[in-house]
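In case you want the letters, here they are:
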Amino acid sequence: EAQVTQNPRYLITVTGKKLTVTCSQNMNHEYMSWYRQDPGLGLRQIYYSMNVEVTDKGDVPEGYKVSRKEKRNFPLILESPSPNQTSLYFCASSLSGTAIYEQYFGPGTRLTVT
Amino acid sequence: RKEVEQDPGPFNVPEGATVAFNCTYSNSASQSFFWYRQDCRKEPKLLMSVYSSGNEDGRFTAQLNRASQYISLLIRDSKLSDSATYLCVVIKSSARQLTFGSGTQLTVLP
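Quick summary incoming for the structure in this document. (Residues numbered from 1 in each chain as written. Chains lettered and ligands numbered in written order. Predicted model: local features only at pLDDT ≥ 70, side-chain atom pairs only at ≥ 80, totals over all residues. Heavy atoms only, no water.)

## Some thoughts on the state of the cysteines
- Throughout the structure, instances matching the rule amount to two disulfides over all chains.
- Across a sulfur-sulfur distance of 1.8 Å, Cys23 of chain A and Cys91 of chain A are joined as a disulfide pair. Its S-S torsion of about -70° marks the bond between Cys23 of chain A and Cys91 of chain A as left-handed, since a negative value means left-handed. Of this pair, Cys23 of chain A sits in strand β3 (residues 19–25) while Cys91 of chain A is found in strand β9 (residues 87–94), placing the two residues 68 residues apart along the sequence. The residues Cys23 of chain A and Cys91 of chain A share a single accessibility class, namely buried.
- Here Cys23 of chain B pairs with Cys88 of chain B through a disulfide, and the sulfurs are 1.8 Å apart. Judged by the sign of its S-S torsion, about 50°, the cystine formed by Cys23 of chain B and Cys88 of chain B is right-handed. Remark: Cys88 of chain B occurs in strand β9 (residues 84–92) and Cys23 of chain B occurs in strand β3 (residues 19–25); sequence separation between them is 65 residues. Each member of the pair, Cys23 of chain B as well as Cys88 of chain B, is classed as buried.
- In this model Cys40 of chain B remains outside any disulfide bridge; the closest cysteine sulfur is found in Cys88 of chain B, 20 Å from its own. (Disulfide = S-S within 2.5 Å. Helix = DSSP H or I, 4+ residues; strand = E, 2+ residues; numbered from the N terminus. Buried < 20%, exposed > 50% of the residue type's maximum accessible area, 1.4 Å probe, protein only.)

So this is what it looks like as structure tokens:
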């Protein structure tokens, strides 16, 4: 089944404790992206990657890191999480940079930082 | 001003009603437009593209007004299953990013 998977789906952590949210797609998509969704603010892009070893900042990259060492994986790293990073996070992929309009989203990761 | 703005609603309509949402965008360089649908606590999914000439997909019609910088989504004969949040999405011509609106919540009542 073609899909984007994220782990964990739910995470409660404390301020400053490094964490990684994994994202994996099995569709051989070139483009991958991370978003956060907050009430009233909609989906905001954190980082995106056009292909392996190519990553760029989105609209809200502060406090996050990513890497794209393999085509299928695009982990999101929070080196020192803070309460304002409490949010619903989505990973997404699309076939290529020219077809980014059709994003396939993962099921989401609900993160709470206390 | 936000780059993409939507009326958050909620819109509560009876089954069978026709409902329309607008979405305004501020950047005239915006090139491509889309509607996504997001069910409660689920991931967004592409609903339809928006073409300059307007386009229809069953009960759904999407239109673009470049002069006034807005896109619209019309749903005819609403079904209970249409209850969701509808997100408008804008892509600038040279961009590799999507800009999402914050969504309009629709509830179709029996």
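Continuing now.
## Considerations on the layout of surface pockets
- Its volume calculated, the largest pocket comes out at about 550 Å³.
- Lining the largest pocket are 19 residues, with Gln37 and Pro39 of chain A together with Gln38, Thr85 and Ser102 of chain B positioned closest to its centre.
- Per-class residue counts for the lining of the largest pocket are five nonpolar, nine polar and five charged. (1 Å grid on protein atoms, 1.4 Å probe; cavity = no way out; pocket = protein on both sides within 12 Å on 5 of 7 lines; lining within 4 Å. Points joined across faces, edges and corners; volume = space filled by probe spheres on them. Nonpolar A, V, L, I, M, F, W, Y, C, P; charged D, E, K, R; others polar.)

## Concerning the interface of chain A and chain B
- On the side of chain B, 18 residues touch chain A, which itself brings 22 residues to the contact.
- With both sides pooled, the region where chain A packs onto chain B buries about 1,700 Å², and carbon together with sulfur makes up 57% of that total.
- Its largest share of buried area at the contact with chain B, chain A owes to Leu43, Tyr101 and Phe105 of chain A, together 31% of the area lost on that side.
- Where chain A packs against chain B, one counts zero salt bridges.
- At the junction of chain A and chain B, the tally comes to two residue pairs in polar contact (both at pLDDT 80 or more).
- With five residues, strand β5 (residues 42–51) of chain A is the largest single contributor of residues to the side of chain A that touches chain B. (Contact = heavy atoms within 4.5 Å. Buried area = accessible area lost by both parts, 1.4 Å probe. Salt bridge = Lys/Arg side-chain N within 4 Å of Asp/Glu carboxyl O. Polar contact = N/O pair within 3.5 Å; in protein donor to acceptor, adjacent residues only side chain to side chain.)

## Digging into the pattern of salt bridges
Residues and elements named next belong to chain A.
- Inspection of the entire model under this criterion finds eight salt bridges over all chains.
- The salt bridge involving Arg36 is made with Asp38; its shortest N-O contact spans 2.8 Å. Asp38 shares its class with Arg36; the two are buried.
- Note that Arg44 and Asp38 form a salt bridge whose closest N and O atoms lie 2.9 Å from each other.
- One salt-bridge network, held together by shared partners, links Lys18, Lys65 and Glu79.

## Quick notes on the sheet that holds strand β6 (residues 55–57) of chain B
Residue and element names in this part refer to chain B.
- Read across the open sheet, the five strands follow the order β1-β3-β8-β7-β6; overall the sheet is antiparallel. Sheet topology places β1 (4–6) and β6 at the edges, where each strand pairs with a single neighbour. Going from strand to strand, the sheet's axes swing by 20° on average, the running direction of each strand aside.
- As defined by bridge partners, β6 adjoins strand β7 (residues 60–65) across three bridges and the pair is classed as antiparallel. Looking across to β7, one finds that Glu56 is bridged to Thr61. (Pairing = 2+ DSSP bridges. Axes fitted to C-alpha atoms, helices over the stretch in contact; angles between N-to-C directions.)

## Overview of the pairing of strand β5 (residues 45–50) of chain B
Residue and element names in this part refer to chain B.
- Relative to β5, strand β4 (residues 30–38) runs antiparallel, the two being bridged by five bridges. Across the sheet, Phe34 pairs through a bridge with Ser49, a residue of β5.
- Here β4 hands over to β5 after six residues, with Arg41 in that stretch at a positive phi of 60°.

## Here we look at the side chain of Thr61 of chain B
All names here are of chain B.
- Looking at the element boundaries, Thr61 is found in strand β7.
- On the basis of relative accessible area, Thr61 is assigned to the buried category, the value being 13%.
- For Thr61, the side chain forms a polar contact with the side chain of Arg76, separated by 2.9 Å.
- Excluding its chain neighbours within four sequence positions, the residues that come into contact with Thr61 are Met48, Asn55, Glu56, Ser72, Leu73, Leu74 and Arg76.

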